[in-house]
Amino acid sequence: MACYILFLSVFLGILAPISSAARAFFVFGDSLVDSGNNNYLATTARADAPPYGLDSAEHRASGRFSNGKNTPDILSEQLGAAEPPLPYLSPHLDGQKLLIGANFASAGIGILNDTGIQFANIIRIEKQLYYFEQYQQRLSKLIGAQEAKRLVNNGIVLITLGGNDFVNNYYLIPYSARSREFSLPDYIPFVISEYKKVLAKLYGLGARRVLVTGVGPLGCVPAELALRSRTGACDPELMRVPDLWNPQLTKMLGDLNRQFGSDVFIAVNADRMHMDIVMNPGSYGFVTSKIACCGQGPYNGIGLCTIFSNVCSNRDAYVFWDAYHPTERANRIIVSQFMTGSSEYMYPMNLSTILKLDAQNQY
């Protein structure tokens, strides 16, 4: 019954924004949160052609790996923003638009610089952080250094990284360089240690409320089912990743919070959020969590989503839009857990609690 009520709330759009006073919003990461930066780059990791964006307000592809809105778009709604932050490379990100924030994410990247090398020209995380510095310089010219610092400190940050360091690195090909260098239990602490450096630098650049998403159920996405599963069961080898990764990520975030003396970093249990839906799609009103809406081959999990792909007629019945990325409707259910989820989903607190605490403390 609880799941059904949640489904109705999300479907009917009655999950109202918590605060009407929108805070700046900054996004870093990969294709799960890229809103179009890669449109401006010479790379194959792009979603700027149909049928992407099929259900968007403009009914056109914007660079989001979705049939409609992605997680940053929906989080922006919940933050009370009139619109989501623009991609940093967009020529329209100027003037008053800078006050909304910026999206620095780029499809294909990982925590490690050798992740996603097959995509060539993408904005690796170090470059995203450089652009964040550059953004602040532009903002300072607009509103002054002191007010720019306040806006950034008061902002909400979302960072989504890690998945590509496995599917587009460690497991990309049999006997990959990283898999020859590390066993999986040794690879994960290595990548976590590199991620810690990234997050510490993000703090140094002024981020004070950072939502850090863990790795989702990689073995359950249509792309991996097509490659590794004859029965439709999630691949057990890839499912080792979130089981090992997420507890170590949460511990690392706790260490950083103790180092900085406050709850800067919030662990977002993406694996739990996704698995709730993947294992019980009917409870959320979905028909399938195995077959992608757009694609070809087994589970529509082979190759890219293009104008030549199979495309389902009812996107709301599918958990996955393409071989890796959720539909807008699945994203909305996931964001509802960002907002109100228990500590099993958002640790040490959910975003609604953060917004209320910060409002009380005039953060």
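What counts as what
Residues numbered from 1 in each chain as written. Predicted model: local features only at pLDDT ≥ 70, side-chain atom pairs only at ≥ 80, totals over all residues. Heavy atoms only, no water. UniProt positions renumbered as here; feature names shortened; annotations may be inferred. 1 Å grid on protein atoms, 1.4 Å probe; cavity = no way out; pocket = protein on both sides within 12 Å on 5 of 7 lines; lining within 4 Å. Points joined across faces, edges and corners; volume = space filled by probe spheres on them. Nonpolar A, V, L, I, M, F, W, Y, C, P; charged D, E, K, R; others polar. Disulfide = S-S within 2.5 Å. Helix = DSSP H or I, 4+ residues; strand = E, 2+ residues; numbered from the N terminus. Buried < 20%, exposed > 50% of the residue type's maximum accessible area, 1.4 Å probe, protein only. Core = buried A, V, L, I, M, F, W, Y, C linked by side-chain atoms within 4.5 Å. Contact = heavy atoms within 4.5 Å. pLDDT = per-residue confidence, 0-100. Axes fitted to C-alpha atoms, helices over the stretch in contact; angles between N-to-C directions. Parallel < 35°, antiparallel > 145°, perpendicular 65-115°, else oblique.

- As named in an unreviewed UniProt entry, the chain is GDSL esterase/lipase, taken from Rhynchospora pubera.
- Quoted verbatim from the Sequence similarities (unreviewed entry) field of UniProt, the annotation for the chain is "Belongs to the 'GDSL' lipolytic enzyme family."

1. Comments concerning the layout of surface pockets
Phase 1: Empty space within the second largest pocket amounts to approximately 640 Å³.
Phase 2: For the lining of the second largest pocket, a count of residues per class yields 9 nonpolar, 11 polar and 7 charged.

2. Side note on the state of the cysteines
Phase 1: Under the definition given, this model contains 3 disulfides.
Phase 2: The residue that forms a disulfide with Cys 220 is Cys 234, at a sulfur-sulfur distance of 1.9 Å. Handedness of the Cys 220-Cys 234 disulfide follows from its S-S torsion of about 110°: it is right-handed. Taken as a pair, Cys 220 in the loop between β4 (210–213) and α8 (222–228) and Cys 234 in the loop between α8 and α9 (236–260) lie far apart in primary sequence, 14 residues in all.
Phase 3: A residue is classified by how much of its surface remains accessible, and Cys 234, at 23% relative accessible area, is partly exposed.

3. Things to note about the nonpolar core
Phase 1: Of all hydrophobic cores here, the largest spans 71 residues; its most connected members are Tyr 135, Phe 166 and Tyr 195.
Phase 2: If we skip the residues at most four places from it in the chain, Tyr 135 touches Phe 26, Tyr 88, Leu 98, Gly 101, Ala 102, Phe 104, Leu 151 and Val 152.

4. Some details on the confidence of the model for the chain
Phase 1: Per-residue pLDDT for the chain averages 94, and the proportion of residues at 70 or more is 94%.
Phase 2: Every residue in residues 1–20 scores below 50 in pLDDT, and together they form 30 contacts with partners more than four places removed in sequence or on other chains.

5. Notes on the packing of helix α11 (residues 328–340) against helix α12 (residues 351–361)
Phase 1: Running from N to C, α11 and α12 point in directions that differ by 40°, and their axes come no closer than 4 Å. Taken together, the axis directions place α11 and α12 in an arrangement best described as oblique. Contacts from Phe 338, Met 339 and Thr 340 in α11 reach Leu 351, Ser 352 and Leu 355 in α12.
Phase 2: Broken down by class, the residue content of the contact of α11 with α12 amounts to 4 nonpolar, 2 polar and no charged.

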